[in-house]
Amino acid sequence: MSNNEIAILGVGMHPWGKWGKNFVEYGVAAARSALQDAGVPWRDVRFVSGGGTVRCGYPGYVAGATFAQALGWQGAEVNTSYAACASGSQALAAARAKILSGACDVALVVGADTTPKGFLKPADGERPDDPDWVRFRLGITNPTYFALYARRRMEVYGDTPADFAAVKVKNAAHGFTNPNARYKRKFSAEDVAASAMVADPLRLMDICATSDGGAAMIVSSLDYARKIGKGDAPRIAAISTVTPTFASELVEMPDIATDSAVAAEARPFRAALPAKAYEEAGIGPEDISLAEVYDLSTALELDWIEDLQLCARGEAAALTRAGETSVGGRIPINASGGLACFGEAVPAQALAQVCELTWQLRGQAGERQVAGAKVGITANQGLFGHGSSVIVKA
Amino acid sequence: MNAPIIEGLFSVDAAEPVLLGSRCSACGTYYFPKQSNYCRNPDCDSERFDEVPLSRSGTLWSFTNACYQPPAPYVAEEPFEPYAIAAVKLEREQMIVLGQVVKGVGVDDLAAGMTMRLVLEDVPGVDGERVTWKWQPVEGA
């Protein structure tokens, strides 16, 4: 499958936080950092692929062009991909297609966001045809969905709130020394239990925040990588951005009902994302050294571990309790600290996951380094049938 | 009876309220909210639908609550009171439907597998009282 691979020459991030600056600043900082890491001159980049953002006005809708102009127009082609939480992966997939088709050698992929405070809320006005408006009118917020999935784990597998808190404690310990993380404190199970209940069984510290941040990478053909002496750079072996398959099994944000499974079997969406990535890369879960998963809630990390087939259904809490998902364990999950330590910067987040895998596979992750990391996988899911899973190989 | 919180989602019938869905006349797939233009089953290209009432009771799949007041367009009681939310699986429709749980029933009163029934309850609206559907545990079921 190596004819489908591209090289990651350089990665960069602007630290996550609530900085209140224009999103373009974060993207430019991340892009410049990635260019420097790659040792590639800006004028050699012939394709700029941006993850779109919907909360920053017109420049956010045309993010690829916005970043290209900010870095200095030099005649490259541009693209903007919007796919909710998978925007970064879709932008990366566009760059890969361009490179594999031979249309360019080197591309910049970049995503950045500036987020408002508090609950994410729908656009204004009376809009009963918009499912997002309908669910908010009925009192169903984002944490409602995370909590329904979490409670289901308790009812079916016997997971406890203490199991969920253990995920936060583990991720907090991972992200403690990550210079790009927003929350750098070693929270305890007592801290989690003392935080306010938001949507039973999830407390404030079980749920990820929204953040500002930016992430970028320079990717190229393998030939170009060899030409500049970076033939051993980490490679992208798979990018899965499949949609759900009807009938979707779970009630997904922002819907108020699932598909009806009368005429077609109910199918899980999350698990389909890594399944396609494994198939594309020609590897299996047994080959994975570490995973970066979308812990919008602590309980959701446990779902992802099972969706990635890293353990059997219902066993992720026990795996976590045994320390196997910590750095030093059998299969470290969210060595970066995950969304628990970052908060979510939507168009940058899927790229941030790939940045972490790149540092890990190069052995440059400092105190959170996973020893001997060879293959990493990411997984995320967002609104309206968007999601992604990316496999990176050393 | 007050006007519904959102038009067209349910019948305002105090004795036997129902959610108003639709059903593809070709493949039988149910929809809630109603779908009347195109069937989303990838193996069906039907554009004909019948309006149907959904089952009035189902099995509790999962549940949670809202401890904080949601943003607009939610209209909250003053002062805000947390409320429980249920995800109820309807057997005939093979579909899970969300909704608030009736006042006075909290997460400690719920367990997956319970039988839940659809009822109507008044809620605040922007300009006066409205009515919405809620799920209520069926005693002794």
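(A) Region of the structure containing helix 14 (residues 346–362) of chain A. Residues and elements named next belong to chain A. A rise of 1.5 Å per residue sets the reference length of helix 14, with its 17 residues, at 24 Å; its end C-alpha atoms lie 26 Å apart and thus fit the reference within 8%. The element helix 14 is extensively covered by neighbouring structure, given that 16 of its 17 residues are classed as buried. In the stretch just after helix 14, glycine 363 is the one whose phi turns positive, near 75°.

(B) A look at the pattern of salt bridges. Residue and element names in this part refer to chain A. Under the defined criterion, the tally for this structure stands at 29 salt bridges over all chains. Arginine 270 is the partner of aspartate 303 in a salt bridge, and the nearest nitrogen-oxygen pair spans 3.7 Å. Of this pair, aspartate 303 sits in helix 11 (residues 298–307) while arginine 270 is found in the loop between strand 8 (235–240) and helix 10 (272–281), placing the two residues 33 residues apart along the sequence. With respect to class, aspartate 303 is no different from arginine 270; both count as buried.

(C) Main features of the interface of chain B and chain A. The partner chain A presents 37 residues to the 47 residues of chain B that form the contact. Carbon and sulfur atoms make up 68% of the surface buried where chain B meets chain A, a total of about 3500 Å² over both sides. Among the residues chain B hides against chain A, the three largest losses belong to Trp61, Pro73 and Leu98 of chain B. Together they make up 19% of the total. Inspection of the chain B/chain A interface yields one salt bridge. Every element with two or more residues in the side of chain B that touches chain A is listed here: strand 2 (30–31), strand 4 (57–66), strand 5 (83–90), strand 6 (95–101), strand 7 (115–125) and strand 8 (128–137) of chain B. At six residues, strand 4 of chain B tops the list of elements feeding residues into the side of chain B that touches chain A. Here the side of chain B that touches chain A is built from residues that sort into 32 nonpolar, 11 polar and four charged.

(D) Focus on the sheet that holds strand 5 of chain B. Taken in spatial order, the five strands of this closed barrel run 4-5-6-8-7 (chain B), and their pairing is mixed. Direction aside, neighbouring strands of the sheet carry axes that sit 35° apart on average. Alignment of strand 4 of chain B against strand 5 of chain B, held across seven bridges, turns out to be antiparallel. Bridging from a neighbouring strand, threonine 64 of chain B pairs with isoleucine 85 of chain B of strand 5 of chain B. Here helix 6 (residues 142–157) of chain A sits on the sheet in contact with strand 4, strand 5 and strand 6 of chain B, set at roughly 120° to strand 4 of chain B.

(E) Seen up close, the domain arrangement of chain A. Residues and elements named next belong to chain A. Domain annotation of chain A identifies domain 1 (2–118 + 212–234) and domain 2 (131–208 + 237–393). With 42 residues of domain 1 at the contact, the number on the domain 2 side is 37 residues. Taken together, both faces of the contact between domain 1 and domain 2 bury some 3000 Å²; the carbon and sulfur share is 68%. Among the residues domain 1 hides against domain 2, the three largest losses belong to Met13, Trp16 and Cys85. Together they make up 25% of the total. For the salt bridge of lysine 393 with glutamate 5, the shortest nitrogen-to-oxygen distance reads 3.1 Å.

(F) Examining the pairing of strand 4 of chain B more closely. All names here are of chain B. A large share of strand 4 lies buried, amounting to eight of its 10 residues. Relative to strand 7, strand 4 is paired through three bridges, and the arrangement is antiparallel. Opposite threonine 59, over in strand 7, you have threonine 115 as the bridge partner.

(G) Summary view of the nonpolar core. With 89 residues, the main nonpolar core has Leu310 and Ile391 of chain A together with Leu19, Phe32, Trp133 and Trp135 of chain B as its most contacted residues. It is helix 6 of chain A that contributes the most residues to this core, seven residues altogether. Residues contacting phenylalanine 32 of chain B, with those up to four places away along its chain left out, are Ile256 and Ala257 of chain A together with Leu9, Leu19, Leu20, Leu54, Met95, Val97 and Trp133 of chain B. Within the second largest apolar cluster, 37 residues are counted, among which are Ala181, Ile236, Phe342 and Val390 of chain A.

Thresholds applied
Residues numbered from 1 in each chain as written. Chains lettered and ligands numbered in written order. Predicted model: local features only at pLDDT ≥ 70, side-chain atom pairs only at ≥ 80, totals over all residues. Heavy atoms only, no water. Helix = DSSP H or I, 4+ residues; strand = E, 2+ residues; numbered from the N terminus. Expected span 1.5 Å × (residues − 1). Buried < 20%, exposed > 50% of the residue type's maximum accessible area, 1.4 Å probe, protein only. Salt bridge = Lys/Arg side-chain N within 4 Å of Asp/Glu carboxyl O. Contact = heavy atoms within 4.5 Å. Buried area = accessible area lost by both parts, 1.4 Å probe. Nonpolar A, V, L, I, M, F, W, Y, C, P; charged D, E, K, R; others polar. Pairing = 2+ DSSP bridges. Axes fitted to C-alpha atoms, helices over the stretch in contact; angles between N-to-C directions. Domains from an automatic or database assignment. Core = buried A, V, L, I, M, F, W, Y, C linked by side-chain atoms within 4.5 Å.

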